[in-house]
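Single-letter residue listing:
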Amino acid sequence: MTGTLLSIQGLTKAYPGVVANDTVSFDIQEGEVHALLGENGAGKSTLVKMIYGLVKPDTGRMVWKGQEFAPPEPRAARASGVAMVFQHFSLFDALNVAENVALGMENPPQMRDLASRIREVSENYGLPLDPYRTVGDLSAGERQRVEIIRCLLQDPKLLIMDEPTSVLTPQEVDILFKTLRKLQSEGTAILYISHKLEEIRALCDHATILRLGKNVGTCTPAETTARDMAEMMVGDTLQTPTRTAAEGGEVILDVSGLSLMPSNPFGTPLKNIHFTVRAGEILGLGGVAGNGQDELLAALSGEALTPSDAVKVKGNAIGHLGPNQRRDIGVLAAPEERLGHAAAPNMSLVENALLTGAARKNLTSNGFVNWKDTTSFAEDIIKAFDVRTPGSDRAARSLSGGNLQKFVIGREVMQNPEVLVVNQPTWGVDAAAAASIRQSLLDLAAKGAAIICISQDLDELMEISDRFGALNEGRLSAIRPAAGLTIDEIGLMMGGAHDMEVSHA
Amino acid sequence: MDLSAINPVLLIASLMVAATPLLLAAIGELVVEKSGVLNLGVEGMMIVGAIAGFAVSVETGSPLLGLIAAMIGGALLSCLFAFLTQFALANQVASGLALTLFGLGLSALMGQGYVGVKPPAMATLDIPVISDLPVIGPIFFSHDPVLYFGVFLTAAVWYALKFTRIGLVLRATGENHDAAHALGYHVIRVRVIAILFGGACAGLGGAYISLIRVPQWTEGMTAGIGWIALALVVFASWKPWRVLLGAYLFGGINVLQLNLQAAGVAIPVEYLAMSPYVITIVVLVIMSRDKTSAPGSLGRIFHASS
């Protein structure tokens, strides 16, 4: 730590109707890991976009190693040594890994040399990647590796990471942290954005906290509790989810012998999955991304049809029913991919509310849409789940990820489902909002719904699940009570579901 | 009926000529679509190129100047499309259709004084000995330069898309314009250049019809080749060599069915006339059953709002 690498002085950026950053100032030292904390919409993304040259500040200035720094475009920022791992929108599905990496570099070497360097660097840092695979076929975790490798190949002085761990498994997070510490020891500064406060405590030297675009404080994460940091972000006391222990009622959902070939040739086939969920119970399903989570959600939501006996609700076989027929009987789902799967990006929130809520909320009659009721349904969701948006007429894509996630989960919860399947319910959502989403799932269970929560976030699963299982290569481990499970046992379940299956059968 | 009147060597030589306008227009459109823009104005740009090239070569007496003028004419018309779709953010489908209608009208106006005029002839390749070889000579070594240019262009576009930085940026822009923007590439600039390239190729293809294939000017003489080019790009799965194959297949069957008509084959003329369209589409549909799909941002309007 020899000196100040980047000094941010009074940066302000206003958009019509909202001040994204209001005179934000802080310094990043050389070789430190600096955390940037804040709720969704606190202005973190705008701030890093200014450093990366994608957005120009209205006022204020930046100083890079003592020199005035105002990158007119990302190319200039990259040339100075700034690299960024994006949360969204920066990979090209139809191109292969090497091509994606080349696009993020100023002077990429020949493809063959680049491919061997990708192999070399990716193995060095324990993030193995095949440079010739098409990115569209990779799992979320693998895609992130592509982004990270793209940055590492440029020898950055400052690496900006926007929520890098949200899609990684605990093991992958460990590997990433090793990578980051190695980079830090080589003198690279890291600006780290995350909602996961425990990670920040473990990794970061300093933290700057933003609230509503303003810098509201700094702290040393290692000496501050996660709770205190969360309260600084929110500016209020934090509610932790509380549960009223409801003893298991009757079996609502019964899945037996579910096998499914995925529709996408690179998906994971589901192999002979068995489980039951009782009324009032939350079943948590963990596992590394790409081990059948998407396929299981599809089989339960009705997107993928199965033999009718494989999925039963209250004893009725429903495997052959499509999503709308399942919604009629109260089986709802909220998939992982918010834009494009859970919500139609260019349609308004009202229209999106109609898409899944039409049947249970009686929003249509004789083929006509009742817009008045639909609008009030959408506004109820916005109110109940604290979705921050100027209005229900806004397009889904205009919402930040966390806000849209609150809307998508709220839309299903507000329909009072009998069975609710959620995949990654709090991905990219800030601590306070995540807590309220989890609380809403717990409340829903308390009212007697059967809930399946698929997640990569083990802390989340341990917090809300009654029982826990893990997916591995399309197989499900034995289901065990969540209380008292140790991390070692969970790791064994996630890695060794094959062996578990023997004892299960 | 006398099938022996059909000379296979001449048939192959003339199918290459018949295919070239289609090939040029389709390769141009392929580049445009790879950048994420759907320009339905190919027919309009071809016919404007046809008359611009015809008029200039008649006035100057130089077929080469005519071809250059055709490329400029097609590119100028595509400027209009680029302005509408990239700066005024107009709908690409509607703008493209308007471009075709406008081009057909404009070319009829420009061509009023040129009906019945004969343009200067374009020299064909004539290498001593080699061009006179039996079979190989007429097929490979006795065409006009534009035909060779069309094949060269196909190879160049294939190479550029697959191996060069420019091609990679172009594909990236067409695949995901938000990501390309986030990485600092100039989406609008790339697309405008691609649109101009497509316009120039379509113009050249049009002039090939009016200066070399038919050599004369009649209104609406492109006769739907621009639309075939659009379909060809899709059915060829946005792959340059498949475009070449499709164009030659279409040209070949077209020439063959004309020969069959002349030979008096006992099939109704209507069936023969539709055969190039049917067979080309069937073959390319069968070939395009792999998983390659359209560029991800094709036809979507880009606005750097984020």
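Residues numbered from 1 in each chain as written. Chains lettered and ligands numbered in written order. Predicted model: local features only at pLDDT ≥ 70, side-chain atom pairs only at ≥ 80, totals over all residues. Heavy atoms only, no water.

Caption draft 1: Structural view of unusual backbone geometry. If you check the backbone angles, Leu212 of chain A has positive phi at about 50° while not being a glycine. In this structure, Leu212 of chain A sits in the loop between strand 9 (206-211) and strand 10 (214-219). Even without being glycine, Leu89 of chain B reaches a positive phi, approximately 55°. Topologically, Leu89 of chain B is positioned in the loop between helix 3 (63-87) and helix 4 (92-110). Judged by its relative accessible area of 31%, Leu89 of chain B falls in the partly exposed class. (Helix = DSSP H or I, 4+ residues; strand = E, 2+ residues; numbered from the N terminus. Buried < 20%, exposed > 50% of the residue type's maximum accessible area, 1.4 Å probe, protein only.)

Caption draft 2: Representation of the domain arrangement of chain A in the model. Under the domain assignment, chain A is made up of domain 1 (4-234) and domain 2 (251-493). Centre-to-centre, using C-alpha coordinates, domain 1 of chain A lies 30 Å away from domain 2 of chain A. (Domains from an automatic or database assignment.)

Caption draft 3: Representation of the interface of chain A and chain B within the structure. Tallying the contact residues gives 27 residues for chain A and 18 residues for chain B. For the pair chain A and chain B, the number of links is two salt bridges. In this structure, Arg397 of chain A and Asp178 of chain B form a salt bridge, with 3.7 Å as the shortest nitrogen-oxygen distance. Taken together, the connections running from chain A to chain B amount to nine residue pairs in polar contact (both at pLDDT 80 or more). Counting only elements with at least two residues in the side of chain A that touches chain B, the list comes to helix 2 (74-80) and helix 3 (97-103) of chain A. Split by residue class, the side of chain A that touches chain B holds 15 nonpolar, two polar and 10 charged. (Contact = heavy atoms within 4.5 Å. Salt bridge = Lys/Arg side-chain N within 4 Å of Asp/Glu carboxyl O. Polar contact = N/O pair within 3.5 Å; in protein donor to acceptor, adjacent residues only side chain to side chain. Nonpolar A, V, L, I, M, F, W, Y, C, P; charged D, E, K, R; others polar.)

Caption draft 4: Here's a closer look at helix 10 (residues 225-235) of chain B. Residue and element names in this part refer to chain B. Three or more residues of helix 10 are buried, namely Ile225, Gly226, Ile228, Ala229, Leu230, Leu232 and Val233. Lining the buried residues of helix 10 we find helix 1 (8-34), helix 2 (42-60), helix 9 (187-213), helix 11 (240-263) and helix 12 (269-287). Directly after helix 10, the chain includes Ser237, whose backbone phi takes a positive value near 55°.

Caption draft 5: Region of the structure containing the packing of aromatic side chains. Residues and elements named next belong to chain B. This model, assessed by the stated rule, comprises nine aromatic pairs over all chains. Measuring from ring centre to ring centre gives 6.2 Å for Phe149 and Phe152, while their planes differ by 40°; the resulting arrangement is tilted. Note that Phe149 and Phe152 are positioned in helix 6 (residues 145-163) at a spacing of three residues, about one turn of the helix. According to the relative accessible area criterion, Phe149 is partly exposed, its value standing at 32%. Where Tyr159 meets Phe163, the ring centres are 5.1 Å apart and the plane angle is 40°; that geometry is what we call tilted. Note that Tyr159 and Phe163 are positioned in helix 6 at a spacing of four residues, about one turn of the helix. In textbook terms, an aromatic cluster arises when at least three aromatic residues are bridged by ring pairs, as seen for Trp158, Tyr159, Phe163 and Trp241. (Phe/Tyr/Trp six-rings, centres within 6.5 Å; stacked < 30°, edge-to-face > 60°.)

Caption draft 6: Just the confidence of the model for chain B, in detail. Summarising the model, chain B shows a mean pLDDT of 89, and 97% of its residues fall at 70 or more. The complex prediction reports pTM at 0.73, with the ipTM value standing at 0.80. (pLDDT = per-residue confidence, 0-100.)

Caption draft 7: Looking closely at the environment of Leu210 of chain A. All names here are of chain A. One can find Leu210 in strand 9. As for Leu210 and Met233, which are separated by 23 residues in sequence, their C-alpha atoms are 6.7 Å apart. Setting aside anything within four residues of it in sequence, one finds Leu210 in contact with Asn21, Val24, Leu36, Leu37, Gly38, Glu39, Ala42, Gly43, Lys44, Leu47, Asn215 and Val216.

Caption draft 8: Structural context of the sheet that holds strand 7 (residues 158-162) of chain A. All names here are of chain A. One open sheet holds the six strands; their spatial order is 6-7-8-3-9-10, and the pairing between them is mixed. Of all strands in the sheet, those bounded by a partner on one side alone are strand 6 (82-85) and strand 10. Going across the sheet, the axis of each strand differs from the next one's by a mean of 20°, ignoring polarity. Across five bridges, strand 3 (residues 33-38) lies against strand 9 in parallel orientation. Bridged to Leu37 within strand 9 is Ile209. Where helix 1 (residues 44-51) meets the sheet, it contacts strand 3, strand 6, strand 7, strand 8 (189-193) and strand 9, and its direction lies at approximately 140° from that of strand 3. (Pairing = 2+ DSSP bridges. Axes fitted to C-alpha atoms, helices over the stretch in contact; angles between N-to-C directions.)

Caption draft 9: Region of the structure containing the packing of helix 2 of chain B against helix 3 of chain B. Residue and element names in this part refer to chain B. It is at 7 Å that the axes of helix 2 and helix 3 come closest, and there the two elements cross at 145°. For the crossing formed where helix 2 meets helix 3, the hand is right-handed. Judged by residue contacts, Gly44, Met45, Val48, Gly49, Ala52, Gly53, Val56, Ser57 and Thr60 of helix 2 engage Pro63, Leu65, Gly66, Ala69, Ala70, Gly73, Gly74, Leu77 and Ser78 from helix 3. Partitioning the contact of helix 2 with helix 3 into residue classes produces nine nonpolar, nine polar and no charged. (Left-handed = near helix turned anticlockwise from the far one by under 90°.)

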